[in-house]
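Single-letter residue listing:
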Amino acid sequence: MNNNKNPLALSIVIKDVHIKNRLVKSATQESMTDGQGDITNAYKQYYGRLSSGGVGLIITGHMYVHENGKLPGMAGIEKDERISPLRQVTNYVHQHNSTIFAQVNYANLKKIIEKKSGKKEWLPNTLSKEDIEEIIDCFGKAAARVKKAGFDGIQLHAAHSYLLAQFLSKKVNQRQDKYGGSLSNRQRLCIEVYRAIRESVGEGFPVIVKLDSYSRSFVTVPPLTKTITLREALDTAKKLEKSGVDAIEVTCFLATRGALPYKQKHIDWLKTQGKETRANVVGVLLTPIDLVINHPQWFKPHQNIAHIKAFKKHLHIPILAGSCFRDPVYMKKVITNNEADMICLARPLICDPDFPNAILNGDDSRSKCHNCNLCSLCLPPNERPLHCVYNQQYH
Ligand SMILES: Cc1cc2nc3c(=O)[nH]c(=O)nc-3n(C[C@H](O)[C@H](O)[C@H](O)COP(=O)(O)O)c2cc1C
């Protein structure tokens, strides 16, 4: 096939960084560390393997910027000792003629006991002004390390119910000061973190942000309440653009669904606690529920597209379309119709890192990903190296 006719094969420039095609590997936690935030050799090989699969831009799994914002298995970027091992990864990826951005995050999903009230609270409601200043400072310092480690750019994770998304959410963020209340107050932390990053890395370095197009987060009670609306998300994106952000990845936590491997997650967890018998009983008891919720039919392809189009319409910077893209024909249409500038793939590349090369060589077959979400069982508390259960030959 003539690649000139394939819109996904067109290069794109973000800031001054040339990206060879329109396909992005979205951030996926690798769980390839020693448990203390240091990356293992498997991490390096994983990125070498991805870059030889043809993807234009790789975004690493989230890295923690502060010890308190760490999930098990996450890689760390909170201290200078992380720079040298990560430099080996970026060198390796560059040898494969690929581009790699690092994703930075403050990952916290659990309520904590608030000192004064003794109540269980979400983190945004418990942080002092000094704590917030420390977090902003940590993001800035982490960004400097990202640049020193040879990454081509940085992505700030402001989605998926982690700290920055919790601040953005009206339901979660109950602060009474300048970081809570009105929308612009809730956006303040995200923008201040962006500014600290920009100050650290300078004008020439790409800084992009991952934002939810909307969120019906599980972190609220009742669980499916809208915590971030599309209107709010667009407003945040516009303010970030005005502040100097170079591109936005539009994601949606709820639009990432396929199956919910709830039973397996429970069984795995019990096994990690040494409770084999209980794990077997749970396996039997949960089977009827599992047959309903653990079904790939729940997956709706490219279900975030209407929201992505709204971002494209209201912004001038590149829009990276995220969540549930599986069909190359549809992906090409999105680029051709100027509905987004790049297409993000997460689970399809866990399943098959060569999927981009296939697409670029004219193969229009859909991703082999079953949307079973069994790859998510590599996430905490399990901490298994990220892999696809069906296509283990790729790893
Ligand atoms: C196993 C796994 C790990 C993930 N880790 C991250 C992460 O570290 N940072 C992030 O922003 N998103 C993470 N995600 C979400 C993906 O980047 C992506 O937004 C989501 O899976 C939807 O895209 P997809 O339909 O192409 O998989 C993860 C998803 C999976 C399945």
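Treat the numbers as computed from the prediction; the structure is a model and nothing was measured.

Details of the overall build of the chain
Here is step 1: Looking only at helices and strands, the chain features 13 helices and 13 strands.
Here is step 2: Its C-alpha radius of gyration of 20 Å places the chain within 12% of the 21 Å reference for a compact globule of 395 residues.
Here is step 3: Taking the principal axes of its C-alpha atoms as reference, the chain extends roughly 65 × 55 × 40 Å.
Here is step 4: Every one of the 395 residues in the chain was classed for burial, and the buried ones make up 57%.
Here is step 5: A fraction of 72% describes how many contacts in the chain between residues 6 or more apart in sequence connect residues 24 or more apart.
Here is step 6: Taken as a whole, the chain presents about 16,700 Å² of accessible surface, with 52% of it coming from carbon and sulfur.

Let's talk about the site of the ligand
Here is step 1: Lining the immediate environment of the ligand, one finds 23 residues, of which Ala27, Gln29, Gln103, Cys324 and Arg347 sit closest.
Here is step 2: Separating a nitrogen atom of the ligand from a backbone N or O atom of Gln29 is a distance of 2.8 Å.
Here is step 3: Between the ligand and Arg326 there is a distance of 3.0 Å, counted from an oxygen atom to a side-chain nitrogen or oxygen.
Here is step 4: In isolation the ligand offers 600 Å² of accessible surface; the protein chains occlude 93% of this area.
Here is step 5: Counting residues per element, the ones that place at least two in the shell around the ligand are strand S4 (57–64) and helix H12 (347–351).
Here is step 6: Taken together, the residues of the shell around the ligand break down into eight nonpolar, twelve polar and three charged.

Thoughts on the nonpolar core
Here is step 1: One finds Phe139, Ile197, Ile248, Phe311, Phe325 and Ile343 to be the most contacted residues of the largest nonpolar core, which totals 89 residues.
Here is step 2: With 14 residues, the next largest nonpolar core counts Ile12, Leu57, Phe101 and Leu320 among its residues.

Digging into the pairing of strand S11 (residues 247–251)
Here is step 1: Of all the five residues making up S11, five are buried; the element is thus mostly covered by neighbouring parts of the structure.
Here is step 2: Of the two faces of S11, both are covered, the one formed by Ala247, Glu249 and Thr251 as well as the one formed by Ile248 and Val250.
Here is step 3: In terms of strand pairing, strand S10 (residues 207–212) meets S11 through five bridges, oriented parallel. Within S11, the position partnered with Ile208 by the bridge is Ala247.
Here is step 4: Bridge count for S11 against strand S12 (residues 319–321) is three bridges, and the pairing is parallel. Across the sheet, the residue bridging to Val250 is Ala321, located in S12.

Description of a nonpolar patch on the surface
Here is step 1: On the surface, Leu260, Tyr262 and Ile289 cluster together to form a nonpolar patch covering roughly 260 Å² of accessible area.
Here is step 2: Among the secondary structure elements, Tyr262 is positioned in helix H7 (residues 262–272).
Here is step 3: The partly exposed category is assigned to Tyr262, whose relative accessible area is 41%.

Observations regarding helix H6 (residues 230–243)
It helps to recall that an α-helix has 3.6 residues per turn; residues three or four apart then point in one direction.
Here is step 1: The terminal C-alpha atoms of H6 lie 20 Å apart, and with 14 residues this matches the ideal 20 Å at 1.5 Å per residue to within 8%.
Here is step 2: Listed as buried for H6 are Glu232, Ala233, Leu234, Thr236, Ala237, Leu240 and Glu241.
Here is step 3: Against the buried residues of H6 lie helix H4 (163–168), helix H5 (183–201), S10, S11 and helix H10 (305–314).
Here is step 4: Of the residues trailing H6, Gly244 is marked for its positive phi of about 120°.

Topic: the packing of aromatic side chains
Here is step 1: In the structure shown here, the tally under the stated rule is four aromatic pairs.
Here is step 2: Relative to Tyr330, the ring of Phe325 lies with its centre 6.4 Å away and its plane at 35°, an arrangement referred to as tilted. Just as Phe325 is buried, Tyr330 falls in that class too.
Here is step 3: Through a chain of ring-to-ring contacts, the aromatic side chains of Tyr43, Tyr46 and Tyr47 assemble into a single cluster.

Re the pairing of strand S9 (residues 153–158)
Here is step 1: The buried count for S9 comes to six of six residues, which makes it a mostly enclosed element.
Here is step 2: What you see with S9 is no split at all: Gly153, Gln155 and His157 on one side and Ile154, Leu156 and Ala158 on the other are buried throughout.
Here is step 3: Strand direction decides the pairing type here: S9 and S10, joined by five bridges, are parallel. When the bridges of S10 are listed, Gln155 appears paired with Ile208.

Let's talk about the pattern of salt bridges
Here is step 1: Counted according to the given criterion, the structure contains 17 salt bridges.
Here is step 2: A salt bridge links Asp38 to Arg82; the nearest nitrogen and oxygen atoms lie 3.0 Å apart. One end of the pair, Asp38, is in the loop between strand S3 (23–25) and helix H1 (41–52); the other, Arg82, is in the loop between strand S5 (75–76) and helix H2 (83–95), and 44 residues separate them in sequence.
Here is step 3: Under the relative-accessibility criterion, Asp38 is labelled partly exposed at 30%.
Here is step 4: For Arg82, a relative accessible area of 3% puts it in the buried group.
Here is step 5: If you follow the salt bridges from partner to partner, you end up with Lys15, Arg198 and Asp246 in one network.

Conventions adopted
Residues numbered from 1 in each chain as written. Predicted model: local features only at pLDDT ≥ 70, side-chain atom pairs only at ≥ 80, totals over all residues. Heavy atoms only, no water. Helix = DSSP H or I, 4+ residues; strand = E, 2+ residues; numbered from the N terminus. Rg over C-alpha atoms; globule rule 2.2 N^0.38 Å. Buried < 20%, exposed > 50% of the residue type's maximum accessible area, 1.4 Å probe, protein only. Contact = heavy atoms within 4.5 Å. Areas by Shrake-Rupley, 256 points an atom, 1.4 Å probe, with all protein chains shown as cover. Near = heavy atom within 4 Å. Polar contact = N/O pair within 3.5 Å; in protein donor to acceptor, adjacent residues only side chain to side chain. Nonpolar A, V, L, I, M, F, W, Y, C, P; charged D, E, K, R; others polar. Core = buried A, V, L, I, M, F, W, Y, C linked by side-chain atoms within 4.5 Å. Pairing = 2+ DSSP bridges. Patch = residues over 30% accessible without salt bridge, like charges linked within 9 Å, V, L, I, M, F, W, Y side chains within 5 Å. Salt bridge = Lys/Arg side-chain N within 4 Å of Asp/Glu carboxyl O. Expected span 1.5 Å × (residues − 1). Phe/Tyr/Trp six-rings, centres within 6.5 Å; stacked < 30°, edge-to-face > 60°.

Bear in mind that shape data such as this cannot, by itself, settle questions of function.
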